[in-house]
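Structural characterization, general
Chain by chain, the residues run as shown.
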Amino acid sequence: MTVGESDPVAFQAAVRAVAQETGAGRTAALHGLGELVAGRPGLRSRAVAALADGLRAPVGADGWDADARREAGRVLAALLRPAAQAPARSVDPDADPEPPPAVDLDLRAATLVDLDLAGAVLGAARFADARFLGATSFADARFTGVADFARTVWHGPARFSRAGFLDHAAFGRARFRADADFTGVRFAAFAWFGRGEDELWEDDPAWETIEETSPAPWDEPNEDDPHWPVAVLMGDYQEWSEGGDGARFVGPVSFRQARFAGPAWFFKARFASAAPFRQARFAGPVHLDQPTVDLAGATWADTADDGPVCWPLGWTPAPAGPDGAQLVPDDSVRPYAGQLADADPDVRRAGLAVLVDLGDARPELRQRVVDTVCGYLRMPLPFDLADARTDGQAAELELRRTAQRLLAARLRPSTDAPGGPPHWSGTDLMLCGATLVDLDLGGCHVGHADFTGVQFHGDTGFAGSVFAGAAFRLGGGDGRASFHGPVSFAGARLDRRRGVREVLGEVAGHAGVVLDEAVSPPG
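On a predicted model such as this, the values are computed, not experimentally measured, just so you know.

1. Some remarks on the state of the cysteines
If you walk through the whole model with that rule in mind, you get zero disulfides. Just so you know, Cys 374 is unpaired, no disulfide at all, and the nearest cysteine sulfur is the one on Cys 432, 11 Å from it. The buried category is assigned to Cys 374, whose relative accessible area is 1%.

2. Here's the deal with the sheet that holds strand β31 (residues 429-430)
Here three strands make up an open sheet; going across it, the order is β31-β33-β36 and the pairing parallel. The outermost strands of the open sheet, each flanked by one partner alone, are β31 and β36 (466-471). Here strand β33 (residues 445-450) runs beside β36; their pairing, made up of five bridges, is parallel. Bridging from a neighbouring strand, Val 446 pairs with Phe 467 of β36.

3. A closer look at the sheet that holds strand β37 (residues 482-483)
Judged by pairing direction, the sheet is parallel, and its four strands sit side by side in the order β32-β34-β37-β39 without closing on themselves. Every interior strand has two partners, whereas the edge strands, β32 (435-437) and β39 (508-509), have only one.

4. Some details on helix α1 (residues 9-20)
Compared with the 16 Å implied by 1.5 Å per residue over twelve residues, the 16 Å span of α1 between its first and last C-alpha is a close match. Listed as buried for α1 are Phe 11, Ala 14 and Val 18. Along α1, the residues classed as buried sweep out an arc of 65° about the axis, all on the same side. α1 presents Val 9, Ala 19 and Gln 20 as exposed residues on the side facing more than 90 degrees away from its buried surface. Contacts from the buried residues of α1 go to α2 (23-37) and α3 (44-55).

5. Section: the side chain of Gln 404
Residue placement: Gln 404 occurs in helix α9 (residues 391-411). The contact partners of Gln 404, leaving out residues within four places of it in the chain, are Leu 377, Leu 436, Val 437, Asp 438 and Leu 439.

6. Quick notes on the packing of α2 against helix α4 (residues 66-80)
For the pair α2 and α4, the least separation of the axes is 9 Å and the interaxial angle reads 5°. When the axes of α2 and α4 are compared, the pair comes out roughly parallel. On α4, the residues that touch Arg 26, Thr 27, Leu 30, His 31, Gly 34 and Val 37 of α2 are Asp 67, Ala 68, Glu 71, Ala 72, Val 75 and Leu 79. Looking at side-chain class alone, the contact of α2 with α4 contains six nonpolar, three polar and three charged residues.

7. Some thoughts on the pairing of β33
Across two bridges, the pairing between β31 and β33 is parallel. Residue pairing across strands places Met 430 opposite Asp 450, the latter belonging to β33.

8. Details of the packing of aromatic side chains
Per the stated rule, a full pass over the model turns up 62 aromatic pairs. Taking 5.4 Å as the distance between ring centres and 90° as the angle between the ring planes, the aromatic pair formed by Phe 255 and Phe 266 counts as edge-to-face. Placement of Phe 255 in the loop between β19 (253-254) and β20 (259-260) and of Phe 266 in the loop between β21 (264-265) and β22 (270-271) is noted, with a sequence separation of eleven residues between them. Look at Phe 266 and you get buried, because its relative accessible area is 0%. A centroid spacing of 6.2 Å and a plane angle of 80° characterise the contact between Phe 260 and Phe 266, whose relative ring orientation is edge-to-face. Both residues of the pair, Phe 260 and Phe 266, belong to the buried class. Over the aromatic face of Trp 218 sits the side chain of Arg 175, whose NZ or CZ is 4.2 Å from the ring centroid.

9. Points about the nonpolar core
If you look at the biggest cluster of nonpolar residues, it comprises 79 residues, and the most contacted ones within it are Phe 277 and Phe 282. At the level of elements, α1, α2, α3, α4, β1 (103-106) and β3 (121-126) are the ones that each hand at least two residues to this core. Here this core gets seven residues from one element, more than from any other, and that element is α4. Not counting the four nearest positions on each side in its chain, Phe 282 is found in contact with Phe 260, Ala 264, Phe 277, Leu 288, Leu 295, Ala 298, Thr 299, Trp 300, Ala 301 and Trp 311. Core analysis: the next-biggest nonpolar cluster, separate from the first, contains 47 residues, Val 333, Leu 411, Leu 441 and Val 503 among them.

10. A few points about the side chain of Arg 378
By secondary structure assignment, the location of Arg 378 is in the loop between α8 (366-377) and α9. Look at Arg 378 and you get buried, because its relative accessible area is 4%. Contact partners of Arg 378, with chain neighbours within four places excluded, come to Asp 245, Lys 268, Ala 269, Arg 270, Met 430, Leu 431, Cys 432 and Ala 434.

11. As for the pattern of salt bridges
Here the structure, examined in full by the defined rule, presents 33 salt bridges. Note that Arg 270 and Asp 245 form a salt bridge whose closest N and O atoms lie 2.8 Å from each other. Here Arg 270, found in strand β22, pairs with Asp 245, found in the loop between β17 (231-233) and β18 (248-249); they are 25 residues apart in sequence, far enough to count as distant. Considered together, Arg 270 and Asp 245 belong to a single accessibility category, that of buried residues. Notably, a salt bridge pairs Arg 378 with Asp 245, separated by 3.1 Å at the nearest N-O pair.

12. A word on the environment of Glu 21
Within the element layout of this structure, Glu 21 appears in the loop between α1 and α2. Each C-alpha atom of the pair Glu 21 and Trp 64 lies 9.5 Å from the other, and the pair is 43 residues apart in sequence. Setting aside anything within four residues of it in sequence, one finds Glu 21 in contact with Arg 26, Ala 29 and Asp 62.

Conventions used here
- Residues numbered from 1 in each chain as written.
- Predicted model: local features only at pLDDT ≥ 70, side-chain atom pairs only at ≥ 80, totals over all residues.
- Heavy atoms only, no water.
- Disulfide = S-S within 2.5 Å.
- Buried < 20%, exposed > 50% of the residue type's maximum accessible area, 1.4 Å probe, protein only.
- Pairing = 2+ DSSP bridges.
- Helix = DSSP H or I, 4+ residues; strand = E, 2+ residues; numbered from the N terminus.
- Expected span 1.5 Å × (residues − 1).
- Arc of directions from axis to C-beta.
- Contact = heavy atoms within 4.5 Å.
- Axes fitted to C-alpha atoms, helices over the stretch in contact; angles between N-to-C directions.
- Parallel < 35°, antiparallel > 145°, perpendicular 65-115°, else oblique.
- Nonpolar A, V, L, I, M, F, W, Y, C, P; charged D, E, K, R; others polar.
- Phe/Tyr/Trp six-rings, centres within 6.5 Å; stacked < 30°, edge-to-face > 60°.
- Lys NZ or Arg CZ within 6 Å of the ring centre and 35° of its normal.
- Core = buried A, V, L, I, M, F, W, Y, C linked by side-chain atoms within 4.5 Å.
- Salt bridge = Lys/Arg side-chain N within 4 Å of Asp/Glu carboxyl O.

See the structure below:
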(Lines give C-alpha, C1' and ligand atoms only; values in the text may rest on other atoms or scores of the structure.)
Protein backbone atom coordinates (compact mmCIF):
# COMPACT_ATOMS: atom_id res chain seq x y z
CA MET A 1 0.00 0.00 0.00
CA THR A 2 1.22 3.48 -0.87
CA VAL A 3 1.92 5.94 1.91
CA GLY A 4 -0.76 8.67 1.93
CA GLU A 5 -3.06 6.85 -0.53
CA SER A 6 -4.09 3.99 1.73
CA ASP A 7 -3.04 5.67 4.97
CA PRO A 8 -3.19 9.50 4.73
CA VAL A 9 -1.56 10.06 8.11
CA ALA A 10 1.96 10.62 6.78
CA PHE A 11 0.77 12.97 4.07
CA GLN A 12 -1.36 15.02 6.46
CA ALA A 13 1.51 15.18 8.93
CA ALA A 14 3.84 16.46 6.19
CA VAL A 15 1.35 19.15 5.16
CA ARG A 16 0.84 20.13 8.80
CA ALA A 17 4.59 20.46 9.29
CA VAL A 18 4.82 22.82 6.31
CA ALA A 19 2.05 24.98 7.78
CA GLN A 20 3.40 25.04 11.34
CA GLU A 21 7.17 25.26 10.95
CA THR A 22 9.03 28.51 10.35
CA GLY A 23 12.45 29.46 9.01
CA ALA A 24 14.81 26.58 8.28
CA GLY A 25 12.29 24.17 9.78
CA ARG A 26 9.70 25.06 7.12
CA THR A 27 12.27 24.72 4.34
CA ALA A 28 13.10 21.22 5.63
CA ALA A 29 9.38 20.37 5.89
CA LEU A 30 8.81 21.45 2.29
CA HIS A 31 11.68 19.27 1.16
CA GLY A 32 10.21 16.36 3.12
CA LEU A 33 6.78 16.86 1.54
CA GLY A 34 8.35 16.75 -1.89
CA GLU A 35 10.17 13.48 -1.13
CA LEU A 36 7.00 11.93 0.28
CA VAL A 37 4.88 12.76 -2.77
CA ALA A 38 7.54 11.95 -5.39
CA GLY A 39 6.42 9.01 -7.51
CA ARG A 40 2.90 9.02 -6.05
CA PRO A 41 0.64 10.58 -8.73
CA GLY A 42 -2.42 10.17 -6.53
CA LEU A 43 -1.06 12.77 -4.12
CA ARG A 44 0.08 15.34 -6.66
CA SER A 45 -3.02 17.51 -6.85
CA ARG A 46 -3.42 17.61 -3.07
CA ALA A 47 0.24 18.48 -2.56
CA VAL A 48 0.09 21.19 -5.24
CA ALA A 49 -2.98 22.72 -3.56
CA ALA A 50 -1.27 22.70 -0.16
CA LEU A 51 1.83 24.39 -1.54
CA ALA A 52 -0.28 26.99 -3.34
CA ASP A 53 -2.13 27.80 -0.11
CA GLY A 54 1.16 28.65 1.55
CA LEU A 55 2.49 30.69 -1.37
CA ARG A 56 -0.68 32.79 -1.42
CA ALA A 57 -0.03 33.87 2.18
CA PRO A 58 0.93 37.57 2.41
CA VAL A 59 4.63 38.32 2.63
CA GLY A 60 5.78 37.95 6.21
CA ALA A 61 2.67 36.04 7.28
CA ASP A 62 3.24 32.83 9.22
CA GLY A 63 6.96 32.87 8.46
CA TRP A 64 6.67 32.41 4.68
CA ASP A 65 10.01 34.05 3.95
CA ALA A 66 11.96 34.11 0.67
CA ASP A 67 13.75 30.81 1.38
CA ALA A 68 10.46 29.03 2.06
CA ARG A 69 8.88 30.43 -1.09
CA ARG A 70 11.91 29.42 -3.15
CA GLU A 71 11.83 25.86 -1.78
CA ALA A 72 8.05 25.62 -2.29
CA GLY A 73 8.61 26.60 -5.92
CA ARG A 74 11.20 23.83 -6.33
CA VAL A 75 8.79 21.23 -4.92
CA LEU A 76 6.02 22.51 -7.19
CA ALA A 77 8.28 22.24 -10.22
CA ALA A 78 9.13 18.63 -9.40
CA LEU A 79 5.44 17.78 -9.08
CA LEU A 80 4.39 19.53 -12.29
CA ARG A 81 7.06 18.23 -14.64
CA PRO A 82 6.20 15.20 -16.78
CA ALA A 83 8.54 12.85 -14.86
CA ALA A 84 6.36 13.35 -11.79
CA GLN A 85 3.23 12.69 -13.80
CA ALA A 86 4.28 9.41 -15.41
CA PRO A 87 1.51 6.84 -15.09
CA ALA A 88 2.10 3.28 -14.05
CA ARG A 89 3.31 1.05 -16.91
CA SER A 90 0.51 -0.55 -18.88
CA VAL A 91 0.06 -4.29 -18.86
CA ASP A 92 0.60 -4.13 -22.63
CA PRO A 93 4.24 -2.99 -23.06
CA ASP A 94 3.46 -1.77 -26.58
CA ALA A 95 0.55 0.41 -25.48
CA ASP A 96 0.87 4.18 -25.30
CA PRO A 97 -1.03 5.01 -22.08
CA GLU A 98 -2.78 8.32 -21.67
CA PRO A 99 -0.87 10.60 -19.30
CA PRO A 100 -2.72 11.65 -16.16
CA PRO A 101 -4.62 14.94 -16.38
CA ALA A 102 -2.59 18.09 -15.85
CA VAL A 103 -2.93 19.62 -12.39
CA ASP A 104 -4.64 22.98 -11.98
CA LEU A 105 -2.62 25.63 -10.15
CA ASP A 106 -4.07 28.59 -8.25
CA LEU A 107 -1.42 31.15 -7.28
CA ARG A 108 -3.50 34.31 -7.49
CA ALA A 109 -1.88 37.22 -5.63
CA ALA A 110 1.00 34.97 -4.54
CA THR A 111 4.56 36.19 -4.04
CA LEU A 112 6.91 33.83 -5.87
CA VAL A 113 10.69 33.81 -5.57
CA ASP A 114 12.97 32.47 -8.33
CA LEU A 115 10.13 30.30 -9.64
CA ASP A 116 11.36 27.80 -12.23
CA LEU A 117 8.52 25.84 -13.86
CA ALA A 118 10.47 25.20 -17.05
CA GLY A 119 9.11 22.09 -18.73
CA ALA A 120 6.08 21.87 -16.42
CA VAL A 121 2.65 20.74 -17.62
CA LEU A 122 -0.26 22.63 -16.08
CA GLY A 123 -4.02 22.58 -16.40
CA ALA A 124 -5.80 25.83 -15.56
CA ALA A 125 -3.09 28.20 -14.32
CA ARG A 126 -4.30 31.14 -12.25
CA PHE A 127 -1.54 33.65 -11.51
CA ALA A 128 -3.55 36.91 -11.63
CA ASP A 129 -2.11 39.65 -9.37
CA ALA A 130 0.96 37.58 -8.47
CA ARG A 131 4.40 39.11 -7.94
CA PHE A 132 7.42 37.31 -9.36
CA LEU A 133 10.69 38.14 -7.57
CA GLY A 134 14.06 37.17 -8.99
CA ALA A 135 14.36 35.21 -12.23
CA THR A 136 11.28 33.30 -13.41
CA SER A 137 11.10 30.59 -16.05
CA PHE A 138 8.20 28.92 -17.82
CA ALA A 139 10.43 27.89 -20.73
CA ASP A 140 9.06 24.83 -22.56
CA ALA A 141 6.08 24.74 -20.17
CA ARG A 142 2.73 23.51 -21.46
CA PHE A 143 -0.52 25.16 -20.38
CA THR A 144 -3.45 22.87 -21.22
CA GLY A 145 -6.11 25.12 -19.64
CA VAL A 146 -6.65 28.87 -19.44
CA ALA A 147 -3.50 30.68 -18.30
CA ASP A 148 -4.30 33.88 -16.42
CA PHE A 149 -1.37 36.22 -15.72
CA ALA A 150 -3.47 39.41 -15.56
CA ARG A 151 -1.98 42.27 -13.54
CA THR A 152 1.13 40.29 -12.60
CA VAL A 153 4.36 42.10 -11.76
CA TRP A 154 7.70 40.65 -12.87
CA HIS A 155 10.63 42.15 -10.95
CA GLY A 156 13.30 40.05 -12.67
CA PRO A 157 13.78 38.32 -16.01
CA ALA A 158 10.76 36.35 -17.27
CA ARG A 159 11.36 33.46 -19.66
CA PHE A 160 8.52 31.81 -21.63
CA SER A 161 10.61 30.66 -24.58
CA ARG A 162 9.02 27.75 -26.49
CA ALA A 163 6.11 27.53 -24.04
CA GLY A 164 2.79 26.28 -25.40
CA PHE A 165 -0.60 27.79 -24.50
CA LEU A 166 -3.36 25.41 -25.63
CA ASP A 167 -6.15 27.66 -24.34
CA HIS A 168 -6.54 31.41 -23.79
CA ALA A 169 -3.51 33.23 -22.37
CA ALA A 170 -4.16 36.50 -20.56
CA PHE A 171 -1.39 38.97 -19.70
CA GLY A 172 -3.59 42.06 -19.41
CA ARG A 173 -1.86 44.90 -17.58
CA ALA A 174 1.09 42.69 -16.66
CA ARG A 175 4.19 44.73 -15.75
CA PHE A 176 7.53 43.34 -16.93
CA ARG A 177 10.34 45.32 -15.31
CA ALA A 178 13.24 43.33 -16.77
CA ASP A 179 13.82 41.09 -19.78
CA ALA A 180 10.78 39.22 -21.11
CA ASP A 181 11.45 36.35 -23.52
CA PHE A 182 8.51 34.91 -25.49
CA THR A 183 10.69 33.54 -28.29
CA GLY A 184 9.08 30.60 -30.05
CA VAL A 185 5.95 30.60 -27.89
CA ARG A 186 2.85 28.89 -29.35
CA PHE A 187 -0.50 30.54 -28.65
CA ALA A 188 -3.29 28.19 -29.79
CA ALA A 189 -6.13 30.52 -28.76
CA PHE A 190 -6.49 34.14 -27.64
CA ALA A 191 -3.19 35.86 -26.74
CA TRP A 192 -4.30 38.85 -24.68
CA PHE A 193 -1.81 41.58 -23.73
CA GLY A 194 -4.39 44.38 -23.55
CA ARG A 195 -6.27 45.94 -20.66
CA GLY A 196 -6.22 44.15 -17.32
CA GLU A 197 -9.82 44.28 -16.09
CA ASP A 198 -12.26 41.40 -16.42
CA GLU A 199 -15.78 41.92 -17.75
CA LEU A 200 -18.35 40.11 -15.63
CA TRP A 201 -22.09 39.64 -15.96
CA GLU A 202 -24.19 41.17 -13.19
CA ASP A 203 -25.02 37.76 -11.69
CA ASP A 204 -21.50 36.35 -11.93
CA PRO A 205 -20.49 34.80 -8.56
CA ALA A 206 -17.02 36.31 -9.05
CA TRP A 207 -18.39 39.66 -7.86
CA GLU A 208 -18.56 38.18 -4.35
CA THR A 209 -14.78 37.87 -4.20
CA ILE A 210 -13.74 40.96 -6.18
CA GLU A 211 -13.40 42.96 -2.97
CA GLU A 212 -10.96 40.35 -1.71
CA THR A 213 -8.77 40.69 -4.80
CA SER A 214 -5.48 42.28 -3.87
CA PRO A 215 -3.66 43.72 -6.90
CA ALA A 216 0.06 44.23 -6.52
CA PRO A 217 0.86 47.75 -5.25
CA TRP A 218 1.25 50.36 -7.96
CA ASP A 219 4.84 51.40 -7.29
CA GLU A 220 5.93 52.51 -10.75
CA PRO A 221 8.37 55.45 -10.93
CA ASN A 222 6.83 58.85 -11.71
CA GLU A 223 3.30 57.53 -11.18
CA ASP A 224 0.46 57.85 -8.72
CA ASP A 225 -1.77 54.82 -8.54
CA PRO A 226 -4.37 55.31 -11.31
CA HIS A 227 -6.67 52.85 -9.52
CA TRP A 228 -7.28 50.76 -12.61
CA PRO A 229 -10.27 48.50 -11.93
CA VAL A 230 -9.98 44.75 -11.47
CA ALA A 231 -13.38 44.08 -13.05
CA VAL A 232 -16.21 45.97 -14.73
CA LEU A 233 -19.82 45.12 -15.46
CA MET A 234 -20.35 43.43 -18.80
CA GLY A 235 -21.57 46.09 -21.21
CA ASP A 236 -19.85 49.02 -19.50
CA TYR A 237 -17.41 49.00 -22.39
CA GLN A 238 -19.21 49.35 -25.69
CA GLU A 239 -16.11 49.04 -27.86
CA TRP A 240 -12.91 47.01 -27.89
CA SER A 241 -10.94 50.26 -27.66
CA GLU A 242 -12.23 51.10 -24.17
CA GLY A 243 -10.70 50.21 -20.84
CA GLY A 244 -7.48 50.73 -18.95
CA ASP A 245 -3.79 50.19 -19.58
CA GLY A 246 -2.30 47.14 -21.29
CA ALA A 247 0.80 45.05 -20.61
CA ARG A 248 3.95 47.05 -19.96
CA PHE A 249 7.45 45.96 -21.01
CA VAL A 250 10.17 48.17 -19.51
CA GLY A 251 13.12 45.93 -20.37
CA PRO A 252 14.11 44.12 -23.57
CA VAL A 253 11.40 41.85 -24.97
CA SER A 254 11.30 39.23 -27.71
CA PHE A 255 8.42 37.56 -29.55
CA ARG A 256 10.70 36.18 -32.26
CA GLN A 257 9.25 33.12 -34.02
CA ALA A 258 6.12 33.22 -31.84
CA ARG A 259 3.01 31.56 -33.30
CA PHE A 260 -0.41 33.14 -32.85
CA ALA A 261 -3.15 30.74 -34.01
CA GLY A 262 -5.88 32.99 -32.57
CA PRO A 263 -6.20 36.73 -31.98
CA ALA A 264 -2.98 38.52 -31.05
CA TRP A 265 -4.16 41.41 -28.94
CA PHE A 266 -1.63 44.07 -27.92
CA PHE A 267 -3.94 47.09 -27.95
CA LYS A 268 -2.76 49.53 -25.23
CA ALA A 269 0.32 47.40 -24.53
CA ARG A 270 3.52 49.42 -24.16
CA PHE A 271 7.12 48.65 -25.07
CA ALA A 272 9.95 50.80 -23.69
CA SER A 273 12.37 49.69 -26.41
CA ALA A 274 12.51 47.69 -29.62
CA ALA A 275 10.02 44.81 -29.65
CA PRO A 276 11.13 42.18 -32.19
CA PHE A 277 8.38 39.96 -33.63
CA ARG A 278 10.74 38.73 -36.35
CA GLN A 279 9.56 35.57 -38.11
CA ALA A 280 6.40 35.48 -35.98
CA ARG A 281 3.30 33.95 -37.54
CA PHE A 282 -0.18 35.42 -37.12
CA ALA A 283 -3.35 33.56 -38.11
CA GLY A 284 -6.22 35.70 -36.80
CA PRO A 285 -7.17 39.25 -35.83
CA VAL A 286 -4.18 41.35 -34.79
CA HIS A 287 -3.83 44.65 -32.97
CA LEU A 288 -0.13 45.42 -32.83
CA ASP A 289 0.55 49.04 -33.78
CA GLN A 290 3.33 50.14 -31.40
CA PRO A 291 6.04 52.08 -33.27
CA THR A 292 8.86 49.99 -31.75
CA VAL A 293 7.58 46.68 -33.18
CA ASP A 294 9.86 44.94 -35.70
CA LEU A 295 8.01 42.52 -38.04
CA ALA A 296 10.86 41.51 -40.34
CA GLY A 297 10.17 38.03 -41.70
CA ALA A 298 6.79 37.79 -39.97
CA THR A 299 3.77 36.37 -41.81
CA TRP A 300 0.00 36.70 -41.51
CA ALA A 301 -2.44 34.04 -42.70
CA ASP A 302 -4.75 36.79 -44.03
CA THR A 303 -7.75 35.31 -42.18
CA ALA A 304 -9.15 37.64 -39.54
CA ASP A 305 -12.84 36.60 -39.93
CA ASP A 306 -13.84 40.27 -40.10
CA GLY A 307 -11.92 40.99 -36.89
CA PRO A 308 -9.71 44.07 -36.67
CA VAL A 309 -6.21 43.99 -38.09
CA CYS A 310 -3.83 46.78 -37.19
CA TRP A 311 -0.11 46.90 -37.91
CA PRO A 312 2.48 49.57 -37.01
CA LEU A 313 2.77 52.44 -39.47
CA GLY A 314 5.53 51.45 -41.87
CA TRP A 315 4.54 47.75 -42.14
CA THR A 316 2.00 46.13 -44.47
CA PRO A 317 1.12 42.59 -45.63
CA ALA A 318 2.44 41.66 -49.06
CA PRO A 319 0.24 39.65 -51.45
CA ALA A 320 -0.47 36.29 -49.83
CA GLY A 321 1.58 33.25 -50.81
CA PRO A 322 1.43 29.58 -49.80
CA ASP A 323 2.60 30.43 -46.27
CA GLY A 324 0.44 33.52 -45.92
CA ALA A 325 1.22 37.18 -46.42
CA GLN A 326 4.66 38.35 -45.39
CA LEU A 327 4.88 41.61 -43.45
CA VAL A 328 7.07 44.01 -45.41
CA PRO A 329 8.07 47.68 -45.17
CA ASP A 330 5.30 49.89 -46.50
CA ASP A 331 6.74 51.87 -49.38
CA SER A 332 3.62 54.07 -49.48
CA VAL A 333 4.70 55.88 -46.29
CA ARG A 334 8.37 56.34 -47.11
CA PRO A 335 10.62 58.03 -46.13
CA TYR A 336 9.23 56.88 -42.78
CA ALA A 337 10.64 53.42 -42.15
CA GLY A 338 10.20 52.74 -38.44
CA GLN A 339 12.77 55.25 -37.22
CA LEU A 340 10.96 55.54 -33.86
CA ALA A 341 12.08 51.97 -33.10
CA ASP A 342 15.75 52.93 -33.37
CA ALA A 343 17.88 53.14 -30.22
CA ASP A 344 19.66 56.27 -31.52
CA PRO A 345 17.81 59.44 -30.37
CA ASP A 346 18.99 61.31 -33.45
CA VAL A 347 17.34 58.71 -35.67
CA ARG A 348 14.14 58.94 -33.65
CA ARG A 349 14.20 62.74 -33.92
CA ALA A 350 14.55 62.47 -37.68
CA GLY A 351 11.68 59.97 -37.68
CA LEU A 352 9.40 62.44 -35.88
CA ALA A 353 10.18 65.10 -38.48
CA VAL A 354 9.45 62.66 -41.30
CA LEU A 355 6.15 61.68 -39.73
CA VAL A 356 4.76 65.18 -39.33
CA ASP A 357 5.89 66.10 -42.85
CA LEU A 358 4.03 63.03 -44.07
CA GLY A 359 0.88 64.11 -42.23
CA ASP A 360 1.17 67.67 -43.49
CA ALA A 361 1.30 66.45 -47.07
CA ARG A 362 -1.24 63.63 -46.85
CA PRO A 363 -4.40 64.31 -44.81
CA GLU A 364 -5.56 60.69 -45.13
CA LEU A 365 -2.55 59.61 -43.04
CA ARG A 366 -2.88 62.17 -40.26
CA GLN A 367 -4.73 60.00 -37.76
CA ARG A 368 -2.25 57.16 -38.23
CA VAL A 369 0.64 59.57 -37.79
CA VAL A 370 -0.92 60.93 -34.60
CA ASP A 371 -1.48 57.38 -33.32
CA THR A 372 2.18 56.58 -33.99
CA VAL A 373 3.45 59.66 -32.17
CA CYS A 374 1.07 58.94 -29.28
CA GLY A 375 2.41 55.38 -29.24
CA TYR A 376 5.91 56.78 -28.86
CA LEU A 377 4.78 59.07 -26.01
CA ARG A 378 3.14 56.08 -24.28
CA MET A 379 6.43 54.19 -24.13
CA PRO A 380 7.24 53.63 -20.41
CA LEU A 381 9.75 56.14 -19.09
CA PRO A 382 12.48 53.89 -17.63
CA PHE A 383 13.94 56.40 -15.16
CA ASP A 384 12.71 58.46 -12.22
CA LEU A 385 12.08 62.12 -13.02
CA ALA A 386 13.01 63.04 -9.45
CA ASP A 387 16.56 61.70 -9.80
CA ALA A 388 19.58 63.34 -11.42
CA ARG A 389 19.56 62.61 -15.15
CA THR A 390 22.21 61.31 -17.43
CA ASP A 391 22.83 63.01 -20.76
CA GLY A 392 20.91 60.22 -22.48
CA GLN A 393 17.92 60.62 -20.17
CA ALA A 394 17.87 64.39 -20.65
CA ALA A 395 17.98 63.86 -24.43
CA GLU A 396 15.05 61.42 -24.24
CA LEU A 397 12.96 63.91 -22.26
CA GLU A 398 13.68 66.68 -24.74
CA LEU A 399 12.77 64.36 -27.61
CA ARG A 400 9.41 63.66 -25.97
CA ARG A 401 8.81 67.37 -25.52
CA THR A 402 9.59 67.81 -29.21
CA ALA A 403 7.00 65.16 -30.11
CA GLN A 404 4.41 66.96 -27.96
CA ARG A 405 5.18 70.32 -29.57
CA LEU A 406 4.99 68.91 -33.09
CA LEU A 407 1.54 67.49 -32.38
CA ALA A 408 0.25 70.60 -30.61
CA ALA A 409 1.38 72.86 -33.45
CA ARG A 410 -0.87 70.91 -35.82
CA LEU A 411 -3.84 70.79 -33.49
CA ARG A 412 -4.11 74.60 -33.18
CA PRO A 413 -6.30 76.22 -35.85
CA SER A 414 -4.30 79.43 -35.50
CA THR A 415 -1.28 77.73 -37.04
CA ASP A 416 -3.12 77.08 -40.31
CA ALA A 417 -1.56 80.05 -42.01
CA PRO A 418 0.89 80.66 -44.87
CA GLY A 419 4.28 79.29 -43.90
CA GLY A 420 2.93 77.35 -40.92
CA PRO A 421 1.82 73.74 -40.58
CA PRO A 422 -1.77 72.92 -41.55
CA HIS A 423 -4.41 72.29 -38.92
CA TRP A 424 -5.05 68.56 -38.53
CA SER A 425 -8.73 68.96 -37.64
CA GLY A 426 -10.76 66.16 -36.08
CA THR A 427 -7.83 64.01 -35.03
CA ASP A 428 -8.03 61.93 -31.84
CA LEU A 429 -5.37 61.47 -29.16
CA MET A 430 -4.84 58.07 -27.49
CA LEU A 431 -2.45 58.71 -24.60
CA CYS A 432 -3.80 56.29 -21.98
CA GLY A 433 -1.23 55.71 -19.22
CA ALA A 434 1.44 57.95 -20.73
CA THR A 435 3.93 60.02 -18.73
CA LEU A 436 3.87 63.52 -20.23
CA VAL A 437 6.25 66.30 -19.22
CA ASP A 438 5.40 69.98 -19.83
CA LEU A 439 2.50 69.19 -22.17
CA ASP A 440 0.92 72.32 -23.66
CA LEU A 441 -2.28 71.78 -25.62
CA GLY A 442 -3.46 75.33 -25.03
CA GLY A 443 -5.67 76.52 -27.89
CA CYS A 444 -5.78 73.11 -29.55
CA HIS A 445 -8.91 71.73 -31.22
CA VAL A 446 -9.05 67.94 -30.88
CA GLY A 447 -11.55 65.19 -31.61
CA HIS A 448 -11.66 62.67 -28.78
CA ALA A 449 -8.79 62.20 -26.34
CA ASP A 450 -7.99 59.40 -23.91
CA PHE A 451 -5.99 60.75 -20.95
CA THR A 452 -7.01 57.99 -18.52
CA GLY A 453 -4.21 57.13 -16.13
CA VAL A 454 -1.92 59.78 -17.64
CA GLN A 455 0.81 61.17 -15.37
CA PHE A 456 1.22 64.89 -16.14
CA HIS A 457 4.55 66.27 -14.89
CA GLY A 458 5.89 69.81 -15.04
CA ASP A 459 3.63 72.62 -16.28
CA THR A 460 0.55 71.41 -18.15
CA GLY A 461 -1.65 73.64 -20.31
CA PHE A 462 -5.18 73.09 -21.61
CA ALA A 463 -6.17 76.77 -21.59
CA GLY A 464 -8.57 77.55 -24.41
CA SER A 465 -8.49 74.00 -25.77
CA VAL A 466 -11.61 72.46 -27.32
CA PHE A 467 -12.34 68.70 -27.41
CA ALA A 468 -15.25 66.77 -28.85
CA GLY A 469 -14.71 64.63 -25.77
CA ALA A 470 -11.84 64.05 -23.37
CA ALA A 471 -11.55 61.32 -20.73
CA PHE A 472 -9.30 61.74 -17.69
CA ARG A 473 -10.76 58.72 -15.83
CA LEU A 474 -12.77 55.60 -16.55
CA GLY A 475 -15.49 56.44 -14.04
CA GLY A 476 -15.53 57.53 -10.42
CA GLY A 477 -11.94 57.30 -9.20
CA ASP A 478 -10.99 54.41 -11.51
CA GLY A 479 -8.25 54.98 -14.05
CA ARG A 480 -7.74 58.55 -12.96
CA ALA A 481 -5.09 60.87 -14.35
CA SER A 482 -2.67 62.68 -12.02
CA PHE A 483 -1.25 66.20 -12.28
CA HIS A 484 2.11 66.38 -10.51
CA GLY A 485 2.60 70.06 -11.36
CA PRO A 486 0.44 73.13 -12.08
CA VAL A 487 -2.24 72.89 -14.78
CA SER A 488 -4.59 75.40 -16.38
CA PHE A 489 -7.98 74.67 -17.93
CA ALA A 490 -8.88 78.36 -18.23
CA GLY A 491 -11.44 78.76 -21.01
CA ALA A 492 -11.20 75.09 -21.97
CA ARG A 493 -14.08 72.95 -23.22
CA LEU A 494 -13.37 69.28 -22.64
CA ASP A 495 -16.69 67.91 -23.76
CA ARG A 496 -19.64 68.98 -25.89
CA ARG A 497 -22.13 68.37 -23.10
CA ARG A 498 -20.26 68.42 -19.77
CA GLY A 499 -18.33 71.08 -17.95
CA VAL A 500 -14.66 70.87 -16.99
CA ARG A 501 -15.31 69.91 -13.37
CA GLU A 502 -17.60 67.06 -14.33
CA VAL A 503 -15.12 65.71 -16.89
CA LEU A 504 -12.19 65.83 -14.46
CA GLY A 505 -14.08 64.34 -11.53
CA GLU A 506 -11.70 62.67 -9.08
CA VAL A 507 -8.39 63.17 -10.87
CA ALA A 508 -5.41 63.68 -8.58
CA GLY A 509 -3.73 67.09 -8.34
CA HIS A 510 -0.51 67.89 -6.46
CA ALA A 511 -0.19 71.56 -7.33
CA GLY A 512 -2.30 74.49 -8.48
CA VAL A 513 -5.20 73.73 -10.79
CA VAL A 514 -6.85 76.60 -12.67
CA LEU A 515 -10.44 75.87 -13.64
CA ASP A 516 -12.52 78.33 -15.62
CA GLU A 517 -16.14 77.44 -16.28
CA ALA A 518 -16.76 80.65 -18.23
CA VAL A 519 -16.89 78.62 -21.43
CA SER A 520 -19.79 76.21 -20.98
CA PRO A 521 -20.73 73.40 -23.30
CA PRO A 522 -23.77 74.14 -25.42
CA GLY A 523 -27.02 73.06 -23.79
